Amino acid sequence: MDEIKEKLSELVRDPTLEKLELQLKEPNIFYILKFEDAEIRHSNFLAWLLDPKQSHGLADLFLKRFLKDIFSLKRYDWIDEFEIDSLNLEDVEVIREWQAPGQKRREKRRIDILIGTARFVMCIENKITASESPNQLREYRNIIQEVFPDHNKAFVYLTLDGDKPLKEDDALIYQVYSYSDISRNLTEILDLYSQALADKTKDYINDYLLILKREIMKEDKANELAKKIYQTHKDAIDFVIDNKPDRSLEVSELFKNKIEESGWIMGSSNKGFVRFLTKELHDQIPRTGTYLTGREAFLFQVAYEGKSVRIQTVIAPGNENNRQILSQALQELEGVGRPRGKEWLTHFNKTLCRFEATDPKHTDDDIKQKLDEIWPEIEKLVSKVESKLLEVSENFDQAI
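These lines cover the structure that appears in this document, whether it is placed above or below. Computed from a predicted model, the values in this text were never measured in an experiment.

Counted according to the given criterion, the structure contains 1 cavity of 30 Å³ or more. There is about 50 Å³ of room inside the largest cavity. Every residue lining the largest cavity is listed: Leu 46, Leu 50, Phe 62, Phe 66, Ile 113, Ile 124, Leu 158 and Ile 182. Mapped onto the lining of the largest cavity, the elements with two or more residues apiece are α4 (39-50) and α5 (61-70). Of the residues belonging to the lining of the largest cavity, the class tally is 8 nonpolar, no polar and no charged.

Next comes the structure, spelled out in structure tokens:
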């Protein structure tokens, strides 16, 4: 133990660590917006940069550089990079989440970015963390062909490292493009046109470049500092990682405390959600469920992992007669949805708030305040469900 304490002491006294901490604390609008690896937000910002009509003041600088890259590999016989500077782009449209006319709004097939002019239409599919869906790129080709039969067409597959599409026929059609290419173009624009750009535009681009280099490409100075620190203090850092607090479990305790303050009784829970029963239901709900440590056939559940907090009712696998009684009773209540699941049946599944409880930026007091705000709605649902289930409790099969 004395040895590891000495290593930890060396770590906290290392000025390189302090330098890294200062870099990570520098304000960045995209960190504030939780932008790092969200494909939708990257697509939004790229569409903004590509559109000459937007407020960035770049005009068509970024768009033309992008088009020169795409049209530079002799993939197209109707245009090349030498024509781009003389291209009239006054009629260009840059559209996010484009859908074909007549396509239902809820259908998932939306093109990330569509660039359209009188001469050509370009489809851009953006992938950072998500993988390519089966036949997705082929479907986009078919949609563009159907809607724009008389236009010249270009297809771009934008990924972290310029990866090729999985299918060979897609790879023959789609021009690959990488975030390194985007970073290169934005860096050159700042170098060449910095004096002509508005300060806000330069700040946005610099912040975005930092996100790209640090979070996407792993090429920022902070990444190099982190590697250096780890190599120097590997044993101490590994020890810290092995003993770091689990925020999910800490948050769980706050939810459990609130449940117990309400006079309810904790049930079989797990990481990411807490389950409970009222005192009255605790005495009436049969212990005929399987998989749960307490064998409860039914539980209320508050789920808090992810970007929302939800209240749910859960019928566990087990005695089929009890499952049917519980399900029928819940379906008679106002506001219930169609039961979801097969083994685990969920009738009520209501989002109470958009709040990422396990995000380290939220203090315990923040979470307690949010619980106070949403708790009346939980109490209302619990009371309604409790009354209904108590009506049918005499019909339950009890555990043997």
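Past the structure itself, the notes keep going.
Contact pair helix α14 (residues 320-331) / helix α15 (residues 364-392): the axes reach a minimum separation of 10 Å and the direction vectors enclose 135°. If you check the angle between α14 and α15, you find them oblique. Crossing hand, α14 versus α15: right-handed. Contact with α14, carried on its side by Ile 325, Leu 326, Ala 329 and Leu 330, involves Val 385, Lys 388, Leu 389 and Val 392 of α15 and no other residues of that element.

What follows covers the packing of aromatic side chains. If you walk through the whole model with that rule in mind, you get 17 aromatic pairs. Measuring from centroid to centroid gives 5.8 Å for Trp 98 and Phe 148, while their planes differ by 35°, and the two rings are tilted. In this pair, Trp 98 is assigned in strand β1 (residues 93-98) and Phe 148 in the loop between α6 (136-147) and β4 (152-159), connecting sequence segments 50 residues apart. In this structure Phe 148 comes out as buried when scored by relative accessible area, which is 17%. Among the aromatic residues, ring-to-ring pairing joins Trp 264, Phe 276, Phe 298, Phe 300 and Trp 375 into one connected group.

Pairing within the open sheet is mixed, and its 5 strands lie in the order β1-β2-β3-β4-β5. Every other strand in the sheet has two partners, leaving β1 and β5 (174-178) as the edge strands with one partner each. Put simply, the sheet's adjacent strands are angled 25° from each other on average, direction ignored. Two strands pair when backbone bridges link them, and β1 and strand β2 (residues 111-116) are joined in this way by 5 bridges, in the antiparallel orientation. Counted as the bridge partner of Trp 98 is Ile 111 from β2. The sheet contacts of α5 involve β2, β3 (120-126), β4 and β5, and relative to β3 the element is tilted by about 90°.

Conventions used here
- Note that residues are indexed from 1 along each chain, following the sequence as it is written.
- For this predicted model, a pLDDT threshold of at least 70 governs which residues receive local features, and a threshold of 80 or more governs which side-chain atom pairs are given and counted, while totals over whole chains, interfaces and linings are taken from all residues.
- To obtain the side-chain values, all non-hydrogen atoms of the structure were included, while hydrogens and water were left out.
- Put simply, the grid is 1 Å and covers the protein atoms alone, a cavity is a trapped set of points that fit a 1.4 Å probe, a pocket is an open set with protein on both sides within 12 Å along at least five of seven lines, and lining residues have an atom within 4 Å of a point.
- Grid points are joined across faces, edges and corners, and a volume is the space filled by probe spheres set on the points.
- Comment: elements are numbered from the N terminus, with helices defined as DSSP H or I runs of at least four residues and strands as E runs of at least two.
- Each residue gets one label: Ala, Val, Leu, Ile, Met, Phe, Trp, Tyr, Cys and Pro are nonpolar, Asp, Glu, Lys and Arg are charged, and the others, such as Gly, are polar.
- For every element, the axis is a line fit to its C-alpha atoms; helices are fit only across the contacting stretch, and the angle between N-to-C directions ranges from 0 to 180 degrees.
- Every angle not falling under 35 degrees, over 145, or within 65 to 115 is termed oblique; those three ranges are roughly parallel, roughly antiparallel and roughly perpendicular.
- Take the far helix as the reference: if the near one is turned anticlockwise from it by less than a right angle, the crossing is left-handed, and if turned clockwise, right-handed.
- Any two residues whose heavy atoms approach within 4.5 Å at even a single point are treated as in contact.
- Aromatic pairing here means that ring centres of Phe, Tyr or Trp (its six-membered ring) are within 6.5 Å. Orientation follows from the plane angle: under 30 degrees is stacked, over 60 is edge-to-face, and everything else is tilted.
- Summary of the burial criterion: residues with accessible area below 20% of their type's maximum are buried, those above 50% are exposed, and those between are partly exposed, where the area comes from a 1.4 Å probe applied to protein chains only.
- We call two strands paired when DSSP finds no fewer than two bridges between them.

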